[in-house]
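This is what each chain is made of:
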Amino acid sequence: MLTRIDHIGIACRNLDETVEFYRATYGFEVFHTEVNEEQGVREAMLKINETSDGGASYLQLLEPTREDSTVGKWLAKNGEGVHHIAFGTADVDGDAAAVRDKGVRVLYDQPRIGSMGSRITFLHPKDCHGVLTELVTSAPAEQTEH
Ligand code: V0V
Ligand code: CO
């Protein structure tokens, strides 16, 4: 069951400048940063609020680490902006299977490693009314220390 918005992924050209925009404009602070080489991103997670299921909602600022990455290609075509949305679930495997059974393309056979040790998969935007959609199961709390 999807129980929260885990994050909104925002593609940017310069992570440090974009982080500074969100800090100076809204007061949001960086909760966590990491490089995910498999996904080709350097990212910053800004925690916006806790959620009633014990999780949280974030903005995920994404800078490509290489031009031929998914975010790099997307930026070249579209410029900066909202790249994907991510729903949180306690069971990404079960929810991805249920969505696949409804005819939506799930991009990975098995979830991959996402931000802060989470397990993630993506649904094809062409099957989701134009929205690249991610499903996320957060790592247990003790693994998410930054
Ligand atoms: C592409 N399209 C999109 C889109 N990206 N539509 C909405 N939102 C997006 N973000 C459209 C694009 O305009 C094309 O439509 C069509 O899909 C095919 O796109 P393409 O440019 O040819 O690109 P593809 O097919 O090579 O790749 C698209 C997919 C790719 C979605 C398959 O981006 C992908 O595998 N994404 C999942 C991984 C990812 O995005 N990782 C970065 C975030 P037209 O022009 O044909 O109509 S990493 C992350 O979120 C992490 C680590 C985390 O949360 O923890
Ligand atoms: Co994401």
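All residue numbers refer to positions counted from 1 along the written sequence of the respective chain. Just so you know, chain letters begin at A and ligand numbers begin at 1, following the order they were written in. Only residues with pLDDT of at least 70 are given local features in this predicted model, and only at 80 or more are side-chain atom pairs given and counted; all residues enter the totals for whole chains, interfaces and linings. Only hydrogens and water are set aside when side-chain values are computed; all heavy atoms of the structure are taken into account.

A look at the packing of aromatic side chains
Stated formally: Between 30 and 60 degrees the pair is tilted, below 30 it is stacked and above 60 it is edge-to-face, where a pair is any two Phe, Tyr or Trp rings, Trp via its six-membered ring, whose centres lie within 6.5 Å. Summary of the burial criterion: residues with accessible area below 20% of their type's maximum are buried, those above 50% are exposed, and those between are partly exposed, where the area comes from a 1.4 Å probe applied to protein chains only. Numbered from the N terminus, helices here are DSSP runs of H or I no shorter than four residues, and strands are runs of E no shorter than two.
Summed over all chains, the structure comprises 6 aromatic pairs. Between Phe21 and Tyr26, the ring centres sit 5.8 Å apart and the planes meet at 90 degrees, which makes this aromatic pair edge-to-face. According to the relative accessible area criterion, Tyr26 is partly exposed, its value standing at 48%. The interplanar angle of 40 degrees and the centroid separation of 5.6 Å between the aromatic rings of Tyr22 and Tyr26 together place this pair among those described as tilted. With Tyr22 and Tyr26 both in helix H1 (residues 15-26) and 4 residues apart, this pair spans about one turn of that helix.

Quick look at the layout of surface pockets
Inclusion rule: Grid points spaced at 1 Å over the protein atoms alone were grouped into cavities, where a 1.4 Å probe fits but cannot get out, and pockets, open sets with protein on both sides within 12 Å along at least five of seven lines, with lining residues defined by an atom within 4 Å of a point. Grid points are joined across faces, edges and corners, and a volume is the space filled by probe spheres set on the points.
The calculated volume of the largest pocket comes to roughly 690 Å³. Lining the largest pocket are 28 residues, and of these Thr70, Trp74, His83, Pro125 and Leu132 lie nearest its centre. Looking at the lining of the largest pocket, the elements with two or more residues in it are strand E3 (41-50), strand E4 (56-64), helix H2 (70-78), strand E5 (81-89) and strand E7 (119-123). Ranked by residue count, the leading element in the lining of the largest pocket is H2, at 6 residues.

Notes on the coordination of the cobalt ion (ligand 2)
Where we set the bar: Donor atoms (N, O, S) are those found within 2.8 Å of the metal centre, with the cutoff raised to 3.2 Å for Na, K and Ca; water is not part of the atom list, so apparent gaps in a site can occur. Sites are called tetrahedral only when four donors show all angles between 85 and 135 degrees, square planar or octahedral only when four or six donors show opposite pairs over 155 degrees and all other angles between 65 and 115, and irregular in any remaining case.
Looking at the cobalt ion (ligand 2), the protein donor atoms are His7 (NE2), Gln60 (OE1), His84 (NE2) and Glu134 (OE), and they sit 2.1 to 2.2 Å from it. Classification of the site at the cobalt ion (ligand 2) as octahedral follows from its 6 donor atoms and the range of 79 to 172 degrees in their angles at the metal. Sequence spacing of the donors to the cobalt ion (ligand 2): H-x52-Q-x23-H-x49-E. Of this pair, Gln60 sits in strand E4 while Glu134 sits in strand E8 (residues 133-137), and the two are 74 residues apart along the sequence. You'll find Gln60 and Glu134 in the same group, each marked buried.

Digging into the side chain of His84
Put simply, the rule is: Each polar contact in these results corresponds to two N or O atoms within 3.5 Å; when the atoms are within protein, one needs to be able to donate a hydrogen and the other to accept it, and residues that are neighboring in sequence are counted only if both atoms are side-chain atoms. Whether two residues are in contact is decided by their heavy atoms: any pair within 4.5 Å suffices.
On the secondary structure map, His84 appears in strand E5. Looking at His84, its side chain comes within polar contact range of the side chain of His83, at 3.0 Å. In this structure, His84 is in contact with His7, Ile8, Gly9, Gln60, Leu62, Phe122, Leu132 and Glu134, ignoring residues within four places of it in sequence.

Concerning the site of ligand 1
Operational definition: Proximity criterion: a residue is near a molecule or strand once any of its heavy atoms comes within 4 Å of it. For the accessible areas, the method is Shrake-Rupley and the probe is 1.4 Å, while residue cover comes only from the protein chains on display. For a molecule to be placed in a cavity or pocket, more than half of its atoms must lie within 2 Å of the grid points of that cavity or pocket.
In the neighbourhood of ligand 1, 23 residues make up the surrounding shell, with Gln39, Gln60, Ser115, Lys126 and Glu134 lying closest. In this structure, an oxygen atom belonging to ligand 1 sits 2.8 Å away from a side-chain N or O atom of Gln60. Contact distances for ligand 1 include 3.2 Å between an oxygen atom and a side-chain N or O atom of Lys73. Considering ligand 1 on its own, with 1000 Å² of exposed area, one finds that the protein chains cover 71% of that surface. Judged by its atoms lying within 2 Å of the grid points, ligand 1 is housed in the largest pocket. Among the elements that make up the shell around ligand 1, the one with the highest residue count is H2 (5 residues).

Any functional reading would require information beyond the geometric quantities listed.
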